[in-house]
Amino acid sequence: MSSLPKPLPVHPLIKFARWSLLITGIFYGAYRQKRLAKKEAAFRREEIKKKEIRDKQLAPEKKLAGERELVELEEMFLHGGDSTDDF
């Protein structure tokens, strides 16, 4: 193994700058996360309101689709596959 030279000591000003920036970044990240979480909560509340309205509008359509599907299934099973779609 090659012997590496002993590392040079880091100047205290550089150490202070590194730690200061690290701590500042942590605080900024916490602040930004808190701010974005508030925005996201407001967005989700709006989406829930929109979803309720959309569900109320689509409920009759879903009901009709379900009834149509039941009628089609009844025809398919009660008439025993009279169609010529056999493979």
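Quick notes on the rules
- Residues numbered from 1 in each chain as written.
- Predicted model: local features only at pLDDT ≥ 70, side-chain atom pairs only at ≥ 80, totals over all residues.
- Heavy atoms only, no water.
- Helix = DSSP H or I, 4+ residues; strand = E, 2+ residues; numbered from the N terminus.
- Buried < 20%, exposed > 50% of the residue type's maximum accessible area, 1.4 Å probe, protein only.
- Areas by Shrake-Rupley, 256 points an atom, 1.4 Å probe, with all protein chains shown as cover.
- Salt bridge = Lys/Arg side-chain N within 4 Å of Asp/Glu carboxyl O.
- Patch = residues over 30% accessible without salt bridge, like charges linked within 9 Å, V, L, I, M, F, W, Y side chains within 5 Å.
- Lys, Arg positive; Asp, Glu negative; His and termini not counted.
- Charge placed at Lys NZ, Arg CZ, Asp CG, Glu CD.

Each helix and strand counted, the protein has one helix and zero strands in total. Counting only residues that meet the buried cut, the protein has 0% of its 87 residues in that class. Taken as a whole, the protein presents about 9,100 Å² of accessible surface, with 64% of it coming from carbon and sulfur.

Moving on, we come to the pattern of salt bridges. Evaluated as defined, the whole model comprises two salt bridges. Across the pair Lys 51 and Asp 55 runs a salt bridge whose closest N-O atoms are separated by 2.8 Å. Highlighted residues: Lys 51 and Asp 55, both in helix α1 (residues 12–78), separated by four residues, approximately one helical turn.

Let us look at a negative patch on the surface. Residues Glu 69, Glu 72, Glu 74 and Glu 75 make up a contiguous surface patch of negative charge. Summarising the element assignment, Glu 75 is placed in helix α1.

Another aspect to go through is a nonpolar patch on the surface. On the surface, a cluster of nonpolar side chains totalling about 590 Å² of accessible area is made up of Trp 19, Leu 22, Ile 23, Ile 26 and Phe 27. By the element assignment, Phe 27 lies in helix α1.

By themselves, these are just geometric observations and shouldn't be taken as functional.
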